[in-house]
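# Chain and residue survey
What follows is the residue order along each chain.
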Amino acid sequence: MLHRIRTSQLELGMFVHSLECSWLDHPFWRSRFLLTDPDQLETILSSDVDWVEIDDRKGKGPPKPEPARPSAQVKNPSIVSASPNATVMQPILRPVERREIKRLSPRERAAEVRRASSAINRSRTEVMNLFADARLGNSVKSDKMAPLVERISSSVNIDPSIILNIARLKTKDEYTYLHSVAVCALMINLGRKLRLPESQIHDIGMAGLLHDVGKTSIPDEILLKPGKLEEAEWTTVRNHPQRGYDMLSASEGVSEIALEVCLRHHEKMDGTGYPGKLAAEDLSVFTRMSSICDVYDAITSQRPYNVPLSASRALAKMQSWSGHFDQLILRDFVDSLGILPVGTLVRLDRNELAIVIGESPSDFSAPIVRSFHSLDKDAAIEHQDIDTGRPKSRNLVAVENPEDMGFSDWSTAASNLLAKPAAM
Ligand SMILES: [Fe+2]
Ligand SMILES: [Fe+2]
């Protein structure tokens, strides 16, 4: 059986199944091994890896859980008395470290929303022109798009959620253009999260912008078809990476990263993607990033053939598809978007504890939370559901570690809190 433990709990004799870190930070060339060497243990303990998965069928089991520290305990037990008939939403629970939540002030945010909206409007026109040129068989002038990538990059730097929330609202007709802008922004944001060299970030953003240029070879009646595609239509669609690669190869100044991402963004880790059916060992970090960013934007956007998913549902879905994505990069992707999964324990202003129950319809990075406990009074409070994305709403102060707050079984407490009805 696999167990997820803190790195500090790791002991000699345990079988390491996986280290939770980007493969770039992985301290060993092997990902699975029996831990017998004290030097190896020391290397892991001194690395940036916080969590490890161990397999107790191949080595020592996990340490026994320690009782919760009484000093930090939330005493009121009312949160665990939900009706057994209540509908329980399953929380997605990943252990978290305490961290402060810093958001732009309302004035700063409003200014950045204006800037990002105008960047998106200009981008839409520029990408439409680029695609129109490509459709006519002209070479792709990627250098002309460099200022656009820089504009997107600086907006992502200030607060990625702003430009990504705007780019998510696409009409069906502008999907292809704004999808390119969104994938550009997502790639830049993820590249920074993975701490890739800043010298590569521009090429990564450009790769996102150009990845679907081959779609200009697909007739609109197929591209915008609302129903199911015929086999021959699918073949045309599946050709777009190769067509795009050919277009970019014939153009000047297109980086290797953009060429590779264009050709490989529909490959999957298990080798079932297209066009090359390449598996993990042949897929670079850029390709792995691009398939995540591409699918995330596709399933969270309005398209001819389906309704968009919320950000957190999309991410949960993507995490459940085995063999498609690099799951470690996907975890970094979730973190890079600043999305707090359902079930996360947070502290609000007025020193109240709350649990994340969803996301604001207008802003995926602003959760809807259910308050349940006052730390000042050390007492349960009437549950209230709060959309933190609404203007003048309550402020989130920090993400809290449930253990530090005295919850020895946060999973059960969270399920009960999520099951309780509450008024907004
Ligand atoms: Fe594509
Ligand atoms: Fe795409």
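Here the structure is shown first, and the text comes after it.
Residue numbers here run from 1 along each chain, matching the order of that chain's written sequence. Written order decides the labels, with chains lettered from A and ligands numbered from 1. Per-residue local features of the predicted model are confined to residues with pLDDT of at least 70, and side-chain atom pairs are confined, for both listing and counting, to 80 or more; whole-chain, interface and lining totals are unaffected and use all residues. In computing side-chain properties, one takes all heavy atoms of the structure into account and sets aside hydrogens as well as water.

Protein-derived ligands of the iron ion (ligand 2) are His179 (NE2), His211 (NE2), Asp212 (OD) and Asp294 (OD), with the metal-ligand distances lying across 2.0 to 2.3 Å. Note that water is not among the atoms considered, so a metal site may appear incomplete; the donors listed are N, O and S atoms within 2.8 Å of the metal, with 3.2 Å applied to Na, K and Ca. In short, tetrahedral needs four donors with all angles between 85 and 135 degrees, square planar needs four and octahedral six donors with opposite donors over 155 degrees apart and all other angles between 65 and 115, and whatever is left is irregular. Geometry at the iron ion (ligand 2) is irregular, judged from the 4 donor atoms that bind it and their angles of 79 to 177 degrees at the metal. Within one chain, the residues serving as donors to the iron ion (ligand 2) are arranged as H-x31-H-D-x81-D. Between the two metal centres, the iron ion (ligand 2) and the iron ion (ligand 1), the spacing is 3.5 Å, with aspartate 212 acting as a shared donor. With a gap of 115 residues between them, histidine 179 in helix H5 (residues 175–193) and aspartate 294 in helix H11 (residues 285–299) connect regions that are remote in the sequence. Of the two residues, histidine 179 and aspartate 294, neither departs from the other in class, the shared state being buried. The helix and strand labels rest on DSSP assignments: H or I over at least four residues marks a helix, E over at least two residues marks a strand, and numbering proceeds from the N terminus. A 1.4 Å probe rolled over the protein chains alone gives each residue an accessible area, and that area as a share of the maximum for its type sets the label: buried under 20%, exposed over 50%, partly exposed in between.

Side-chain rings of Phe, Tyr and Trp, where Trp is taken by its six-membered ring, are said to pair if the distance between their centres is within 6.5 Å; with planes under 30 degrees apart they count as stacked, over 60 as edge-to-face, and otherwise as tilted. Under the defined criterion, the tally for this structure stands at 6 aromatic pairs. Ring centres 6.4 Å apart and planes at 65 degrees place the aromatic pair phenylalanine 372 and phenylalanine 407 in the edge-to-face group. Here phenylalanine 372 is found in strand E8 (residues 363–374), whereas its partner phenylalanine 407 is found in the loop between strand E10 (396–399) and helix H14 (410–419), with 35 residues between them in sequence. When its relative accessible area of 1% is taken as the criterion, phenylalanine 372 is described as buried. Phenylalanine 407 gets classed as buried once you look at its relative accessible area, which sits at 8%. Through a chain of ring-to-ring contacts, the aromatic side chains of Phe372, Phe407 and Trp410 assemble into a single cluster. As a reminder, the over-ring test applies to NZ of lysine and CZ of arginine, requiring each to be within 6 Å of the ring centre and within 35 degrees of the ring normal. In this structure, arginine 238 packs its charged tip against the face of tyrosine 274, placed 5.5 Å from the ring centre.

Turning our attention to the side chain of serine 155. Within the secondary structure layout, serine 155 lies in helix H3 (residues 146–158). Contact criterion: two residues are considered in contact whenever any of their non-hydrogen atoms come within 4.5 Å of each other. Once residues within four sequence positions are removed from consideration, serine 155 is found in contact with Glu112, Ala116, Pro160 and Ile163.

Here the iron ion (ligand 1) is held by Asp212 (OD), His240 (NE2), His265 (NE2) and His266 (NE2), and the distances to it run 2.2 to 2.3 Å. Around the iron ion (ligand 1), the 4 donor atoms sit at angles spanning 87 to 176 degrees, and that spread fits a shape best called irregular. Spacing between the donor residues of the iron ion (ligand 1) along the chain follows D-x27-H-x24-H-H.

Okay, the sheet that holds E8 next. Taken together, the 6 strands give an open sheet; going across it, the order is E5-E10-E6-E7-E8-E9, and neighbouring strands pair in antiparallel fashion. Of all strands in the sheet, those bounded by a partner on one side alone are strand E5 (99–100) and strand E9 (379–387). A strand pair is defined by DSSP finding two or more bridges across the two strands. Where E5 lies against E10, 2 bridges are found, and the strand directions are antiparallel. Across the sheet, the residue bridging to arginine 99 is valine 399, located in E10.

The next subject is the pattern of salt bridges. We define a salt bridge as a contact between a side-chain nitrogen of Lys or Arg and a carboxyl oxygen of Asp or Glu at a distance within 4 Å. Inspection of every chain in the model, using the stated rule, returns 16 salt bridges. In this structure, the salt-bridge partner of arginine 151 is glutamate 126, at a minimum N-O distance of 2.9 Å. One end of the pair, arginine 151, is in helix H3; the other, glutamate 126, is in helix H2 (residues 106–135), and 25 residues separate them in sequence. Exposure remark for arginine 151: the relative accessible area of 18% places this residue in the buried category. A relative accessible area of 24% means that glutamate 126 is categorised as partly exposed. A salt bridge links glutamate 400 to arginine 347, with the nearest nitrogen and oxygen atoms 2.7 Å apart. Taken together, the positions of glutamate 400 in the loop between E10 and H14 and arginine 347 in strand E6 (residues 345–348) put the pair 53 residues apart, joining distant regions of the chain. Considered together, glutamate 400 and arginine 347 belong to a single accessibility category, that of buried residues. One continuous salt-bridge network, built from bridges that share partners, spans Arg109, Asp159 and Asp363.

This next bit is on the pairing of strand E7 (residues 352–360). For E7, the buried fraction is high: 9 of the 9 residues fall into the buried class. Pairing between E6 and E7: 4 bridges, direction antiparallel. Its bridge partner lying in E7, leucine 348 is registered against glutamate 352. A loop of 3 residues connects E6 with E7, the two strands running antiparallel in sequence, and arginine 350 in this loop sits at a positive phi of about 65 degrees. Note that E7 and E8 share 8 bridges and pair antiparallel. Bridge pairing links glutamate 352 to serine 374 in E8. Hairpin connection from E7 to E8: 2 residues lie between these consecutive antiparallel strands.

In this model, tyrosine 274 is joined to proline 275 through a cis peptide bond whose omega is 5 degrees. You can see proline 275 is positioned in the loop between helix H10 (256–264) and H11. If you check the backbone angles, aspartate 378 has positive phi at about 45 degrees while not being a glycine.

This next bit is on the pairing of strand E4 (residues 51–55). Looking along a regular strand, one sees side chains alternate from face to face of the sheet. Taken across its 5 residues, E4 has 4 buried, putting it largely inside the fold. Here strand E1 (residues 2–6) pairs with E4 via 5 bridges, running antiparallel. Across the sheet, histidine 3 pairs through a bridge with isoleucine 54, a residue of E4. Alignment of strand E2 (residues 15–19) against E4, held across 3 bridges, turns out to be antiparallel. In the strand pairing of E4, valine 16 is matched with isoleucine 54.

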